[in-house]
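Examination of the molecular architecture
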Amino acid sequence: MSRFARRRSQYELTSRAHNTSKGGPAAGRAAARAGAMAKLLSCVLGPRLYKIYRERDSERAPASVPETPTAITAPHSSSWDTYYQPRALEKHADSILALASVFWSISYYSSPFAFFYLYRKGYLSLSKVVPFSHYAGTLLLLLAGVACLRGIGRWTNPQYRQFITILEATHRNQSSENKRQLANYNFDFRSWPVDFHWEEPSSRKESRGGPSRRGVALLRPEPLHRGTADTLLNRVKKLPCQITSYLVAHTLGRRMLYPGSVYLLQKALMPVLLQGQARLVEECNGRRAKLLACDGNEIDTMFVDRRGTAEPQGQKLVICCEGNAGFYEVGCVSTPLEAGYSVLGWNHPGFAGSTGVPFPQNEANAMDVVVQFAIHRLGFQPQDIIIYAWSIGGFTATWAAMSYPDVSAVILDASFDDLVPLALKVMPDSWRGLVTRTVRQHLNLNNTEQLCRYQGPVLLIRRTKDEIITTTVPEDIMSNRGNDLLLKLLQHRYPRVMAEEGLQVVRQWLEASSQLEEASIYSRWEVEEDWCLSVLRSYQAEHGPDFPWSVGEDMSADGRRQLALFLARKHLHNFEATHCTPLPAQNFQMPWHL
């Protein structure tokens, strides 16, 4: 239950206990006054309401919220505009509080420089700090008064009063009817009730090997200096470097890696996010849900169900993992949606409605509860789930593939093999040691290592004009880290094929900058696809499907070249575009498998 709901409940209990000792009309008037005050308190402490969605065709019948004083009819598009219209008092008070929030965010990010400046000027003495604290206290009291005025403005607005009544009823009783009516509103997601808990599946409660409150299992990096004795003296020597790495990762590093978690950017994108969310809800019949991960973070999700359509791909669920500044409201979910699939989008910790910070452990915890939600609440089998990721979302996608090996397929668009080369690209050469240590200890996105532990079909989509995951310039296609992801995956799965001859010819194929050059290399080596398929199927029938395979061990050099080119072409597709260009639906294809 949220903070404002708990306070209102305590207020109501006190008022009822006081009023039951009296009778007659006076008691009725007192109860009415107490109810009005409780409603006013709810309006003061309640969340900000952004939008009232249009009523869906399947929900036109009027419905009421149980356990409320009067029947509450769900909002209709014919009577109310889809955007919530605050009264003047609420609107101006909201603007003041929003401005104060922006100033607070700017002050937070600039606080180290401000403290240094104040210290140099001698303003941090006790005689200067005390008057400043008085000013700060006065400002806080003024902001509290503005919040109360905003609550009065909400209290005079029948739209907000109806919304707060539905929200309180849903917190008391999370029935399907209450949730259906609450879904017609878009408001501050912190007040949204939790829909799914990470411990909800019965198998999690009975199993000792599942995730704990500390988080799910991650692959740990090897020590930088192997074979060194881990003595107390060595630990003391490493301590300054470890402290520096920690500070860099938790200040500058995390925000550079995940700029979408910066509050100011989210504030600037708020109108676009609200518009995108409205499109998913009103046009695609999307259902929003809050998931509670094992680390306590609340994950904002959106599910679009296509199982009731005539399209067969609607029976498959595509779980979308967004980029470092991507949100499901405006992100890669549009590609599988246009292709007709059921889609589950979610926001990184610290993005939009999700809480927390996007470190690798928190990312994996969030992905774990998302997959559990898809299986145990939405009713999809792992064999019907496809993991689709764009850019940095490849980390959570490969983690899910490693941890849930029965998922149908993995599609990685504009992703990379490892974060260290890309981090070194944007930092000074003199920081090489610090950057490598910081990434390995705190921001280790080891996509290749995780992907190689997955046995299922994989498709990599390489952007030929990618300016983000190239380590030199976009025109240098061989510096695209998607190449390294492909080579390492093939070397793991087919080590005999990807020997010297196979590796060399695949590198030549990756250097091709156009489809014509690709076809030229492919035809130069006279790749016979039927022969390649027969070789792979024969090996699979005899030795089973588990990788790595020893196919190609007794094969000629030309045969290994043909097989290597065939496998590379099946595992990687080129898309002539930059990093942030949306992937067209016709390019969203299922990975190849025997």
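The chain appears in an unreviewed UniProt entry as Phosphatidylserine lipase ABHD16A from Aotus nancymaae. UniProt, in its Catalytic activity (unreviewed entry) section for the chain, records the words "Hydrolyzes glycerol monoesters of long-chain fatty acids." The Sequence similarities (unreviewed entry) comment attached to the chain in UniProt states, word for word, "Belongs to the AB hydrolase superfamily. ABHD16 family."

Contact geometry of helix H17 (residues 500-510) with helix H20 (residues 557-571) gives a least axis separation of 8 Å together with a crossing angle of 45°. Classified by the angle between their axes, H17 and H20 sit oblique to one another. Note that H17 runs across H20; the crossing there is right-handed. Contacts between H17 and H20 involve Glu 501, Gly 502, Val 505, Val 506 and Trp 509 on the former and, on the latter, Ala 557, Arg 560, Arg 561, Ala 564, Leu 565, Ala 568 and Arg 569. Considering only residue class, the contact of H17 with H20 consists of seven nonpolar, one polar and four charged.

With that settled, consider unusual backbone geometry. Excluding glycine, residues mostly carry a negative phi; peptide bonds, for their part, are mostly trans. A cis amide bond links Phe 547 with the next residue in sequence, Pro 548, at an omega value of 5°. For Pro 548, the location among the structural elements is in the loop between helix H19 (529-543) and H20. Unlike most non-glycine residues, Glu 526 shows phi in positive territory, near 50°. Glu 526 gets classed as exposed once you look at its relative accessible area, which sits at 59%.

The biggest cluster of nonpolar side chains holds 98 residues, and the ones touching the most others in it are Ile 319 and Ile 387. A per-element tally of this core places helix H11 (residues 360-376) first, with nine residues. Beyond its immediate sequence surroundings of up to four residues, Ile 387 is in contact with Ile 319, Cys 321, Met 367, Ala 397, Ala 400, Val 407, Ala 409, Val 410 and Ile 411. Core analysis: the next-biggest nonpolar cluster, separate from the first, contains 29 residues, Ala 278, Met 302, Val 318 and Ala 409 among them.

Moving on: the confidence of the model for the chain. Confidence in the prediction of the chain, expressed as mean pLDDT, is 88, and 88% of residues score 70 or more. Note on residues 16-22: pLDDT is under 50 here. Beyond four places in sequence and across chains, it has five contacts. Here residues 57-81 scores under 50 on pLDDT; set against residues more than four positions off or in separate chains, the count is 52 contacts.

Mapped onto this numbering, the UniProt entry gives "transmembrane region" (unreviewed entry) at residues 96-120 and 132-152. Secondary structure across residues 96-120 comprises 100% helix and 0% strand; the distance between its end C-alpha atoms is 32 Å. Regarding residues 132-152, the helix share stands at 100% and the strand share at 0%, and the terminal C-alpha atoms are separated by 31 Å.

Conventions adopted
- Residues numbered from 1 in each chain as written.
- Predicted model: local features only at pLDDT ≥ 70, side-chain atom pairs only at ≥ 80, totals over all residues.
- Heavy atoms only, no water.
- UniProt positions renumbered as here; feature names shortened; annotations may be inferred.
- Axes fitted to C-alpha atoms, helices over the stretch in contact; angles between N-to-C directions.
- Helix = DSSP H or I, 4+ residues; strand = E, 2+ residues; numbered from the N terminus.
- Parallel < 35°, antiparallel > 145°, perpendicular 65-115°, else oblique.
- Left-handed = near helix turned anticlockwise from the far one by under 90°.
- Contact = heavy atoms within 4.5 Å.
- Nonpolar A, V, L, I, M, F, W, Y, C, P; charged D, E, K, R; others polar.
- Buried < 20%, exposed > 50% of the residue type's maximum accessible area, 1.4 Å probe, protein only.
- Core = buried A, V, L, I, M, F, W, Y, C linked by side-chain atoms within 4.5 Å.
- pLDDT = per-residue confidence, 0-100.

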